[in-house]
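Residue-level structural notes
Here are the chains, one letter per residue:
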Amino acid sequence: MSCSSPSQREEAAGERRNMTLVVGYALSPKKVDSFITPSLLNHAQTHGVRLIPIDLSLPLLNQGPPFHCILHKLSHPTWESQLAEFSSRYPTLPIIDPPRAVRRLHDRLSMLQVVSHLHLPDSDSAPCSFGIPDQIPVLNTTHFQNLLDNCDVEYPVIAKPSASNGTAKSHQMYLVFNLEGLRKLGSELEPPFVLQQFVNHGGVVFKVYVVGDHVHCVRRDSLPDYDSDNNLGLLPFSQISNLAGGDRGMGEARAAMPPERLVSDLAGGLRDALELNLFNFDLIRDNRKSKGGTDHYQIIDINYFPGYAKMPNYEAVFTDFLLRHLLHRHNPPPTEEV
Ligand SMILES: O=P(O)(O)O[C@@H]1[C@@H](OP(=O)(O)O)[C@H](OP(=O)(O)O)[C@H](O)[C@H](OP(=O)(O)O)[C@H]1OP(=O)(O)O
Ligand SMILES: Nc1ncnc2c1ncn2[C@@H]1O[C@H](COP(=O)(O)OP(=O)(O)O)[C@@H](O)[C@H]1O
Ligand SMILES: [Mg+2]
Ligand SMILES: [Mg+2]
């Protein structure tokens, strides 16, 4: 509990405005290359934010200078236990974002569960609705065998590994067109995975990037609509919207952007429900359910700390987020040497 008065808090915020905020980051080498660019470091430094790498080979508690905040996208047990130890020593120091909240996005079922509980404020402009595609969790081989025996899958479906943990394997998906394809899937993908209803969406996916209060939506190419003449049983694919020229506009000309109000309401609703500041989500317009002037959107994926460097002006957006997040906190930074 903070015992400081409003005037003390103002004073503390004032002091912090004149000092450099130190942000320790723990990211994979690939993420460091794409995100911690010289332009981000320079922009942040000019605005009083120093980004410092955390040395994963040393105990976090022994590292300095004292951090005002920790930024991370790592989830191995050693790192999480270091963070837990650090948080119990400095309970008010912000961890962006808390591992407990990030973990929810590591499973493709739990990441979307939160969408079902979202209630957005009514909008008078552009009526639309949202949801998630139907999905069947396949937990083990017995469960998979039951599905094959009972033939109660509505094709086409996309088989997605349950784990969404940043590995190439977690992005390896399969379009399954019929029972024959489902049989073949058995020798390609080991449970646990989900079978998610394939949704015709005009070949365009909208990616909504969230950085605290900042929301930015882009359009990318996606899988084409289902063609019933296609007699392929099973079609593997991976990171379709990230392929070179992923926004080259195959479906772009036909695809209007989703209403701004829906995008910002979904972003805000998810931010609060997930208790996360850094994420993006993939949104598609469901052609079958969009009727009578009401468009229906489906959320199909949510990613922690995505590729922000693709966002225009990300250096300013991110620095501004760090400043707001740290300066508006009521608790002063730790005074003890870290
Ligand atoms: O590297 P990028 O820029 O392609 O970013 C990836 C994201 O692409 P996006 O920003 O949505 O286009 C990507 O989003 P998708 O899953 O492709 O929708 C993931 O967030 C990926 O992280 P991870 O492999 O799931 O841990 C992100 O990879 P990391 O940068 O975190 O390694
Ligand atoms: N239910 C779906 N219906 C239609 N297309 C989908 C569906 N789910 C995913 N896709 C397509 O597959 C791509 C990858 O799926 P996604 O769940 O976003 O996995 P990843 O985590 O690898 O990005 C999406 O960007 C979209 O193009
Ligand atoms: Mg995705
Ligand atoms: Mg993803």
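None of these values were measured; they are calculated from a predicted model.

1. Concerning the site of ligand 1
Around ligand 1, the surrounding shell holds 18 residues, and the nearest of these are Lys-30, Lys-73, Lys-207, Tyr-209 and Lys-310. One of the side-chain nitrogen or oxygen atoms of His-171 is found 2.9 Å away from an oxygen atom of ligand 1. In the model, an oxygen atom of ligand 1 is placed 3.0 Å from a nitrogen or oxygen of the Asn-280 side chain. When the free accessible area of ligand 1 is taken as 600 Å², the share hidden by the protein chains comes to 86%. The set of elements that each furnish at least two residues to the shell around ligand 1 consists of helix H2 (29-35), strand E10 (204-211), strand E13 (278-285) and strand E14 (295-304).

2. Notes on the site of ligand 2
Close contacts around ligand 2 come from 19 residues, with Lys-160, His-171, Gln-196, Ser-222 and Asp-282 the closest. Asp-282 has a polar side-chain atom sitting 2.9 Å from an oxygen atom of ligand 2. When isolated, ligand 2 has an accessible area of 540 Å², and the protein chains bury 97% of it. Contributing elements (two or more residues each) for the shell around ligand 2: strand E7 (157-161), strand E9 (193-197), E13 and E14. Tallied by class, residues from the shell around ligand 2 come to ten nonpolar, five polar and four charged.

3. Notes on the pattern of salt bridges
Counted under the stated rule, the structure contains ten salt bridges. Between Arg-100 and Glu-275 there is a salt bridge whose closest N-O contact spans 3.8 Å. Here the residue Arg-100 occupies a position in helix H5 (residues 99-103), and Glu-275 occupies one in the loop between helix H9 (260-274) and E13, the gap between them amounting to 175 residues. For Glu-275, a relative accessible area of 46% corresponds to the partly exposed category. When the shortest N-O distance is used, the salt bridge between Arg-261 and Asp-265 registers 3.0 Å. Highlighted residues: Arg-261 and Asp-265, both in helix H9, separated by four residues, approximately one helical turn. By relative accessible area, which is 35% here, Arg-261 ends up partly exposed. One salt-bridge network, in which partners are shared between bridges, spans Asp-213, Arg-271 and Asp-272.

Conventions we followed
Each chain carries its own residue numbering, running from 1 in the direction its sequence is written. Just so you know, chain letters begin at A and ligand numbers begin at 1, following the order they were written in. Thresholds applied to this predicted model are a pLDDT of at least 70 for local features of residues and 80 or more for the giving and counting of side-chain atom pairs; totals over whole chains, interfaces and linings are not thresholded and use all residues. As a convention, hydrogens and water are excluded, and side-chain values are obtained from all of the structure's heavy atoms. Residues are counted as near a molecule or strand when any one of their heavy atoms sits within 4 Å of it. We define a polar contact as two N or O atoms separated by no more than 3.5 Å, with the added condition that, inside protein, one atom must be a possible hydrogen donor and the other a possible acceptor, whereas residues neighbouring each other in sequence contribute only through side-chain atom pairs. For the accessible areas, the method is Shrake-Rupley and the probe is 1.4 Å, while residue cover comes only from the protein chains on display. Going along the chain from the N terminus, every DSSP run of H or I of four or more residues is numbered as a helix, and every run of E of two or more is numbered as a strand. Under the grouping applied here, Gly and all other residues not named as nonpolar or charged are polar, the nonpolar ones being Ala, Val, Leu, Ile, Met, Phe, Trp, Tyr, Cys and Pro and the charged ones Asp, Glu, Lys and Arg. Whenever a carboxyl oxygen of Asp or Glu lies within 4 Å of a side-chain nitrogen of Lys or Arg, that contact is scored as a salt bridge. For the exposure calls, accessible area comes from a 1.4 Å probe over protein chains only, and a residue counts as buried if that area is under 20% of its type's maximum, exposed if over 50%, partly exposed in between.

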